[in-house]
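These are the residues of each chain, in order.
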Amino acid sequence: MKAIVLENVTKRFKDVVAVNNVSFEVEQGELFGLLGPNAAGKTTTIRMICGLLEPTSGTVEVFGYRQPRDRVQASKLIGYVPQHFSLYEDLTVYENMMFFASVYGVPYSVRRERIERLLDQFLLTEFRDRLAGQLSGGTKRRLALATALVHDPALVILDEPTSGIDPHLRFLFWRFFEELRDQGVTLLVTTHYMDEAEFCERLALMRAGRIIAQGAPRDIKRQALRGELIEVVVKTSRLPVEAIASLECVKDFRLMERGEGQATFVLLVDDAQRDLLRVLRGLERRGVEVLSIMPIYVSLEDAFLSLTGGLK
Amino acid sequence: MRIWPIVVKELKQLVRDPRSLLMNVAMPLLVMLMFGAGYGGHGTRAIPVAVANLDPQGELSWELIDYIFQAPGIEPGCYVGSEEEAVELVKEGVVYGAIIIPEHFTDDIKAGRKAYVKVVVDAAAPFAPTVITASVTMALYKLQVNIAEDYGTVAIIMQQETVHGPEISTMEGFTPITMGLLLYLVPMTLISLSICREKERGTYEQLIMAPISRWDIIGGKLVAYTVLSLANMFGTLGIAILVFDVKVKGPLVDLVAFSILFLMCSLSMGMLVSVVSKNQLQALGTSIFIFIPSLLFSGILSPEEYISPLMRYLVTYTSPMYYFLKGFRAIMLKGYTIADVWMECLALGIMTVIFFSSAIVLLRMKLG
């Protein structure tokens with residue numbers, strides 16, 4: 001059984017289509033990222049997964065439970081951290097966690113112990129009797145995550161958990177997520193930070209309510225560029241254009257720079273690692289002297305911009 | 001002067017929330033219209049009084065009755081044949097008072113003897129004693145002036161008696177109203193903010209994610225606010241009884257039970273307001289808008305008979321406050337038990353059930 005299945009999900013608010021025919025699946029135990037700029041439809045999508053919004057059309061299932069019809073059963077399996085702090089500011093850290101533990105029906109015998117463990121895990125022990133409203137932004141985020149875990153959910157959904165917090169804490173959060181994943185928890189994280197998304201096993205890239213690419217980060221980059229890139233510096237007095245063009249694995253290439261007796265080309269291939277050696281051998285066989293050759297690292301940001309045609 | 005930027009900003013913000021603006025502009029107009037519809041016009045609105053004319057053959061007794069009912073504000077509810085019957089009707093609350101003209105009334109006057117008129121008023125009914133005695137006094141004066149030519153100056157004495165009396169202090173008379181206001185406005189306003197506050201602060205999203213039902217949310221909040229309001233109720237009632245020596249003629253337990261029923265009714269109503277309001281400002285506006293008409297038309301300003309039939313059926317009989325005042329006065333001032341005010345209990349009970357179940361049905365367990 002999949003953790004999350006979305007099939008042709010559309011959500012319309014009056015005349016605005018917030019989510020447009022979106023389909024994706026999240027496997028159990030996966031760290032899945034929903035990536036996209038602001039107003040891409042990420043929050044609407046996860047609210048539908050949480051059963052807080054009803055799709056205009058299409059189906060949403062969480063561990064086989066249809067949302068929002070089976071909201072009550074599904075919610076026991078979901079730990080949800082909304083984008084904005086939504087715990088009770090006039091209750092203490094401990095009281096908030098205790099409240100949610102009891103509304104989620106956590107057996108009395110394990111409540112205290114679990115809360116203590118989570119307080120410890122998320123470095124909240126020193127704040128336990130502090131009112132939630134008095135905490136700093138970063139501490140509030142940790143409390144929100146800890147509270148979402150009090151009922152030991154199989155799926156944790158986090159909406160922009162790292163927006164507006166410092167890099168140190170961002171890094172810490174991703175460590176938390178990986179830790180949870182290693183414990184067998186499925187995670188769905190939305191973010192608009194492209195660099196963070198590299199931590200995810202699989203991603204869905206959203207823009208203007210649609211999914212424009214999905215898969216592992218590497219697959220998405222490959223999808224975006226229709227392949228991967230290799231940079232070759234060759235020693236030459238004459239440009240080896242024909243030699244490169246005749247290489248079977250090269251789909252496209254471009255001269256990037258021409259210096260004294262050497263030239264830099266970028267080649268588009270299907271799989272940079274696999275084709276690196278082929279290119280090297282092929283060029284040498286054709287009498288081209290290769291000074292250096294290496295795969296080019298493409299960031300998700302590059303991929304995203306390429307997929308969406310830049311900042312248009 | 002940096003005052004202008006603030007002025008402009010405030011005005012812009014006010015206009016940006018059309019629903020609240022409409023409510024705050026339209027509300028006073030609507031209230032005024034309701035007030036006019038309830039008390040305006042030239043209708044003959046009066047409280048009923050029983051008349052026992054034991055001198056039916058004498059012409060002066062009928063003259064007096066004519067004068068009495070020339071005054072606005074009272075009307076003959078029924079004519080009965082004996083003093084006992086008339087007093088019984090007052091005790092039962094069918095009429096607010098009784099006017100008894102004794103035998104030989106006309107003869108006494110004609111003979112130049114002292115004449116008597118007996119007025120029995122329901123002391124527990126606000127306004128009634130004043131209105132009735134004023135009307136009778138005025139009528140006696142007119143009669144005396146009129147007969148002076150024929151029979152000379154004759155003393156006609158008004159004997160006053162009360163039912164549920166002898167007298168009710170101002171404090172006692174106002175206690176039902178004060179309790180009504182406190183048990184209506186305060187709990188309703190408090191609870192009307194409770195769900196809107198969660199929506200405004202964003203905690204509602206997290207709350208409805210939990211595997212709980214509408215029952216849990218509405219019921220849980222209601223119980224909590226009931227506990228708080230009970231403390232409020234015992235406090236106010238306690239001060240009235242212990243500090244200001246207000247007498248409760250009926251059983252205190254019944255008075256408390258009846259007040260709790262009313263409390264549940266106002267809380268359920270506030271809950272419903274909270275469920276249908278989008279934000280705290282709207283909830284507050286709606287609460288006030290519900291409160292003002294019940295202040296105007298629940299028998300606080302005037303006897304219910306002075307309200308036009310339209311507004312009586314539209315507002316008075318649909319307002320929990322009306323039934324509370326009636327029942328509370330009956331238990332406290334007349335010494336009734338809760339069983340005697342079962343009609344008022346039933347009305348409050350039905351309203352509570354309607355408000356409570358509407359709140360549950362209308363509560364949205366989704367966003368947007």
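These numbers come from a predicted model, not from an experiment. (Residues numbered from 1 in each chain as written. Chains lettered and ligands numbered in written order. Predicted model: local features only at pLDDT ≥ 70, side-chain atom pairs only at ≥ 80, totals over all residues.)

Draft legend 1. Representation of the overall build of chain A in the model. For chain A, the helix and strand inventory stands at eleven helices and 14 strands. With the C-alpha coordinates aligned to their principal axes, the bounding extent of chain A is approximately 80 × 45 × 35 Å. The proportion of buried residues among the 312 residues of chain A is 41%. For chain A, restricting intrachain contacts to residue pairs at least 6 apart in sequence, the fraction spanning at least 24 positions comes to 66%. (Helix = DSSP H or I, 4+ residues; strand = E, 2+ residues; numbered from the N terminus. Buried ≥ 20, exposed ≤ 12 C-beta atoms within 10 Å, placed from the backbone. Contact = placed C-beta atoms within 7 Å.)

Draft legend 2. Highlighting the overall build of chain B. Each helix and strand counted, chain B has 15 helices and five strands in total. Taking the principal axes of its C-alpha atoms as reference, chain B extends roughly 90 × 50 × 35 Å. Residues counted as buried form 39% of the 368 residues belonging to chain B. Expressed as a percentage of contacts within chain B between residues at least 6 apart in sequence, the contacts between residues at least 24 apart total 79%.

Draft legend 3. Local environment of the domain arrangement of chain A. Residue and element names in this part refer to chain A. As far as domains go, chain A holds domain 1 (4-222) and domain 2 (226-307). Its C-alpha centre places domain 1 at a distance of 41 Å from the equivalent point of domain 2. Contacts between the two partners involve ten residues from domain 1, matched on the other side by nine residues from domain 2. Secondary-structure elements contributing two or more residues to the side of domain 1 that touches domain 2 are α7 (194-197), β10 (210-215) and α8 (217-225). If one sorts the elements of the side of domain 1 that touches domain 2 by residue count, α8 sits on top with four residues. Tallied by class, the residues present in the side of domain 1 that touches domain 2 amount to seven nonpolar, no polar and three charged. (Domains from an automatic or database assignment. Nonpolar A, V, L, I, M, F, W, Y, C, P; charged D, E, K, R; others polar.)

Draft legend 4. Representation of the packing of helix α7 (residues 170-192) of chain B against helix α10 (residues 214-243) of chain B within the structure. Residues and elements named next belong to chain B. It is at 10 Å that the axes of α7 and α10 come closest, and there the two elements cross at 155°. Here α10 runs roughly antiparallel to α7, going by the angle between their axes. The handedness of the crossing between α7 and α10 is right-handed. Residue-level inspection shows Thr175, Met179, Leu182, Leu183, Val186, Pro187, Leu190 and Ile191 of α7 in contact with α10, the latter providing Lys221, Tyr225, Ser229, Asn232, Met233, Thr236, Leu237 and Ala240. Counted by class, the contact of α7 with α10 contains eleven nonpolar, four polar and one charged residues. (Axes fitted to C-alpha atoms, helices over the stretch in contact; angles between N-to-C directions. Parallel < 35°, antiparallel > 145°, perpendicular 65-115°, else oblique. Left-handed = near helix turned anticlockwise from the far one by under 90°.)

Draft legend 5. Representation of the domain arrangement of chain B in the model. Residues and elements named next belong to chain B. As assigned here, chain B comprises domain 1 (47-163) and domain 2 (169-362). Using C-alpha coordinates to define each centre, domain 1 is positioned 40 Å away from domain 2. Partitioning the side of domain 1 that touches domain 2 into residue classes produces five nonpolar, no polar and no charged.

Draft legend 6. Fine view of the interface of chain A and chain B. Taken together, the contact between chain A and chain B spans 20 residues of the former and twelve residues of the latter. Taken together, the elements giving at least two residues each to the side of chain A that touches chain B come down to α1 (42-50), α2 (71-75) and α3 (93-103) of chain A. A per-class count over the side of chain A that touches chain B returns 13 nonpolar, four polar and three charged.

Draft legend 7. Looking closely at the sheet that holds strand β1 (residues 4-13) of chain A. All names here are of chain A. With antiparallel pairing, four strands are arranged side by side in an open sheet as β2-β1-β4-β5. Where the open sheet ends on each side, the last strands, each with one partner, are β2 (16-26) and β5 (65-67). Recorded for the sheet is a direction-independent mean angle of 30° between the axes of neighbouring strands. In this sheet, strand β4 (residues 57-62) lies alongside β1 in antiparallel orientation, the contact comprising five bridges. Its bridge partner lying in β4, Thr10 is registered against Ser57. (Pairing = 2+ DSSP bridges.)

Draft legend 8. Local environment of the sheet that holds strand β11 (residues 228-235) of chain A. Residue and element names in this part refer to chain A. As summarised here, the arrangement of the four strands in space is β12-β13-β11-β14, forming an open sheet in which the pairing is antiparallel. Only two strands of the sheet have a single neighbouring strand rather than two, namely β12 (252-259) and β14 (289-295). Going across the sheet, the axis of each strand differs from the next one's by a mean of 20°, ignoring polarity. By the bridge criterion, six bridges tie β11 to β14 in an arrangement that is antiparallel. Across the sheet, the residue bridging to Val233 is Ser292, located in β14.

Draft legend 9. Representation of α10 of chain B in the model. Residues and elements named next belong to chain B. With 30 residues, α10 extends 42 Å from end C-alpha to end C-alpha; this agrees with the ideal 44 Å at 1.5 Å per step. Taken residue by residue, α10 has Ile217, Ile218, Tyr225, Ser229, Met233, Leu237 and Ala240 as its buried positions. For α10, the elements touching its buried residues are α7, α11 (252-276) and α15 (342-362). (Expected span 1.5 Å × (residues − 1).)

Draft legend 10. Fine view of the packing of α7 of chain B against α11 of chain B. Residues and elements named next belong to chain B. It is the contact of α7 with α11, at a shortest axis distance of 7 Å, that shows an interaxial angle of 35°. In this structure, α7 crosses over α11, and the sense of that crossing is right-handed. Here Met179, Leu183, Tyr184, Pro187, Met188, Thr189, Ile191 and Ser192 of α7 come into contact with α11, specifically with Ser259, Phe262, Leu263, Ser266, Leu267, Met269, Gly270, Met271, Val273 and Ser274. For the contact of α7 with α11, a count of residues per class yields twelve nonpolar, six polar and no charged.

Draft legend 11. Looking closely at the pairing of strand β6 (residues 78-81) of chain A. All names here are of chain A. Side-chain alternation along β6 places Ile78 and Tyr80 on one buried face and Gly79 and Val81 on a second face that is also buried. Here β6 pairs with strand β7 (residues 155-159) via four bridges, running parallel. Bridging from a neighbouring strand, Ile78 pairs with Leu155 of β7.

Draft legend 12. Region of interest: the confidence of the model for chain B. Residues and elements named next belong to chain B. For chain B, per-residue confidence averages 88 on the pLDDT scale, and 99% of positions sit at 70 or higher. Taken element by element, the predicted model of chain B shows its lowest mean pLDDT in helix α2 (residues 18-39) (83) and its highest in α15 (95). Interface predicted TM-score (ipTM) for the complex: 0.82; the corresponding pTM is 0.84. (pLDDT = per-residue confidence, 0-100.)

Draft legend 13. Structural context of unusual backbone geometry. That bond from Gln67 of chain A to Pro68 of chain A is cis: its omega, 0°, falls within 30 degrees of zero. With respect to the helices and strands, the residue Pro68 of chain A is situated in the loop between β5 and α2. Its identity as a non-glycine residue notwithstanding, His104 of chain B has a phi of 60°, on the positive side. Here His104 of chain B is to be found in the loop between β3 (97-101) and α5 (105-110).

Draft legend 14. Geometry of the nonpolar core. All names here are of chain B. The biggest cluster of nonpolar side chains holds 85 residues, and the ones touching the most others in it are Val49, Ala98 and Ile99. For this core, the element with the highest residue contribution is α11, accounting for 13 residues. Once residues lying within four places of it in the same chain are set aside, the contact partners of Ile99 are Val49, Val51, Ile68, Val117, Val119 and Val136. (Core = buried A, V, L, I, M, F, W, Y, C linked by C-beta atoms within 7 Å.)

Draft legend 15. Region of interest: the environment of Leu247 of chain A. All names here are of chain A. By secondary structure assignment, the location of Leu247 is in the loop between α9 (241-245) and β12. Judged by local crowding, Leu247 falls into the partly exposed class, with 19 C-beta atoms found within 10 Å. Separated by 31 residues in sequence, Leu247 and Arg278 place their C-alpha atoms 8.6 Å apart. Apart from the residues lying within four places of it in its own chain, the contact partners of Leu247 are Val279 and Gly282.

Draft legend 16. Broad picture of helix α12 (residues 280-297) of chain B. All names here are of chain B. With 18 residues, α12 should cover 26 Å at 1.5 Å per step; its first-to-last C-alpha distance of 26 Å lies within 8% of that length. Of the residues making up α12, those classed as buried are Ala283, Gly285, Thr286, Ser287, Ile290, Pro293, Ser294, Leu296 and Phe297. Buried-residue contacts for α12 involve α2, α7, α8 (194-201), α11, α13 (309-314) and α14 (320-334). Looking one or two residues beyond α12, the residue adopting positive phi is Gly299, at roughly 90°.

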